[in-house]
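For reference, the chains in residue letters:
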Amino acid sequence: MHKLIRTLGFALLGLSLASCRLVYTPDVQQGNLLDKKNVDQLKPGMTKRQVLVLMGSPSVATPFDQNRWDYVSTQQHRGGPIKVRTLSLSFNNDSLVRTEGDFFAEDAKKLVEEQKKFRAGYPVDENSGDKTKTPEEQKKDGNTFPTGNNGNNGGN
C-alpha cells in the first residue's frame, strides 16, 4: 500500500511539473532555412540551375507541375503555435518568372515585444532634445558643451 501511494505521489508531481511548463520544451524548426540575402538575389530570367545553386533544393517540387518550386519552413517556439513560412518560385521554359510568399514577413507585435525586452525606450517627440535647451538648462543637466560645438573645440 505504501508503494502505491508513493507511485501516485510521483505521478502527481510529474503531472504538476508538466502543467507548469517547468519541463523544457525545445524550439522546433523544420524545412528550408533560407538566407534573406540569397532570396534578394533572385532575379527574373535566372535558370533553374542558377536558382538551385543559390537557394538549394526546394521542399516541394511536384511531378505534376515542374514549373513551380516551393520552399516551406515551420517554426514552433517552445510548444507555442506553429508558424508556417512559404516561398513559391514559378518558372516558364526553365526561366524564373515570379516569386511569391511571406518567408521573411515579420510580425509587428513580436518586434515591439522584443524591443521592450531590452528596455530601449525612445522619446516619441523628436522635437525636443539637447539643441532646444538653453545653455542654463544644459548646465543644469550636466552638459557643459555649448550648443553647436559638440565638444570639438572648433578644430576640424
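These numbers come from a predicted model, not from an experiment.

Undergrad: Which parts of the structure should I look at to understand the overall build of the protein chain?
TA: Helix and strand counts for the protein chain stand at five helices and four strands. Walking the protein chain from its N terminus toward its C terminus, one meets helices and strands in the order α-β-α-α-β-β-β-α-α. Counting only residues that meet the buried cut, the protein chain has 14% of its 156 residues in that class. Once local pairs closer than 6 in sequence are excluded, the contacts in the protein chain between residues at least 24 apart make up 40%. Of the roughly 12700 Å² of accessible surface on the protein chain, a fraction of 55% belongs to carbon and sulfur atoms.

Undergrad: In this structure, what is going on with the nonpolar core? I would like to understand it.
TA: Across soluble globular proteins, nonpolar side chains show a tendency to be buried alongside one another. Ranked by internal contacts, the top residues of the largest apolar core, which has 14 residues, are Leu42, Val51, Met55, Tyr71, Leu87 and Leu89. Those residues within four positions of Leu87 in sequence are excluded, and the remaining contacts are Leu34, Val39, Met55, Trp69, Asp70, Tyr71, Glu100, Gly101 and Phe103.

Undergrad: Can you walk me through the environment of Gly101 in this structure?
TA: Its place among the elements puts Gly101 in strand β4 (residues 95-101). The exposed category is assigned to Gly101, whose relative accessible area is 58%. For the pair Gly101 and Ser88, spaced 13 residues apart in sequence, the C-alpha to C-alpha distance is 6.0 Å.

Undergrad: Could you clarify how one ought to interpret the sheet that holds strand β1 (residues 28-31) in this entry?
TA: In a beta sheet, neighbouring strands are held together by backbone hydrogen bonds and run either parallel or antiparallel to one another. Strands sit in the order β1-β2-β3-β4 across an open sheet of four strands; the sheet is antiparallel. Both edges of this open sheet fall to β1 and β4, since each of them pairs with a single strand only. The sheet shows a mean angle of 15° between the axes of neighbouring strands, direction not considered. As paired strands, β1 and strand β2 (residues 68-76) are joined by four bridges and run antiparallel to one another. In the sheet register, Gly31 faces β2, and the bridge partner there is Ser73. Helix α3 (residues 48-55) rests against β2, β3 (82-92) and β4 of the sheet, and its axis sits at about 15° to β2.

Undergrad: Mind showing me how you'd approach α3 here?
TA: Side chains three or four residues apart in an α-helix point the same way, a direct result of the helix having 3.6 residues per turn. Among the residues of α3, Lys48, Val51, Leu54 and Met55 are the ones counted as buried. Across the axial projection of α3, the buried residues extend over an arc of 130°, all falling on one side. Among the exposed residues of α3, those oriented more than 90 degrees off its buried face are Arg49 and Val53. In this structure, the buried residues of α3 make contact with α2 (36-40), β2, β3 and β4. A positive phi of about 90° marks Gly56, the residue just after α3.

Undergrad: Please explain the confidence of the model for the protein chain as it appears in this structure.
TA: Interpreting fine coordinate detail is not advised for predicted regions of low pLDDT. Mean pLDDT over the protein chain stands at 76; residues scoring 70 or higher make up 63%. Confidence, read as mean pLDDT per element, is least for helix α4 (residues 108-117) in the protein chain (62) and greatest for α3 (92). Across residues 148-156, where pLDDT falls below 50, the model places three contacts with residues more than four positions away in sequence or in other chains.

Undergrad: Can you help me understand the side chain of Ser88 in this one?
TA: Considering the arrangement of structural elements, one finds Ser88 in strand β3. A distance of 3.3 Å separates a polar atom in the side chain of Ser88 from a polar atom in the side chain of Arg68. At 2.6 Å, the side chain of Ser88 forms a polar contact with the side chain of Asp70. If we skip the residues at most four places from it in the chain, Ser88 touches Arg68, Trp69, Asp70, Arg98, Thr99 and Glu100.

The rules behind the values
- For every chain, the first residue of the written sequence is number 1, and numbering continues from 1 along that sequence.
- At least 70 in pLDDT is required for a residue's local features to be given in this predicted model, at least 80 for side-chain atom pairs to be given and counted, and no such filter applies to totals for whole chains, interfaces and linings, which use all residues.
- Water and hydrogen atoms were dropped before computing side-chain values, which therefore reflect all heavy atoms in the structure.
- Comment: elements are numbered from the N terminus, with helices defined as DSSP H or I runs of at least four residues and strands as E runs of at least two.
- Any residue under 20% of the maximum accessible area for its type is buried, any over 50% is exposed, and the rest in between are partly exposed; the area is computed with a 1.4 Å probe on protein chains only.
- Note on definitions: a residue-residue contact is assigned when non-hydrogen atoms from the two residues lie within 4.5 Å.
- Accessibility throughout is a Shrake-Rupley quantity obtained with a 1.4 Å probe, and a residue counts as covered only by protein chains that appear here.
- Within this scheme, the nonpolar core is defined by two criteria: the residues are buried Ala, Val, Leu, Ile, Met, Phe, Trp, Tyr or Cys, and they are joined through side-chain atoms within 4.5 Å.
- When DSSP finds two or more bridges between two strands, those strands count as paired.
- To obtain each axis, a line is fitted to C-alpha atoms, and for helices this fit is confined to the stretch in contact; angles are then taken between N-to-C directions over 0 to 180 degrees.
- Directions from the helix axis toward the C-beta atoms define the arc.
- Every residue carries a pLDDT, the predictor's confidence in it, which falls somewhere between 0 and 100.
- Here a polar contact means two N or O atoms within 3.5 Å. Within protein one must be a hydrogen donor candidate and the other an acceptor candidate, and residues neighboring in sequence count only if both atoms are side-chain atoms.

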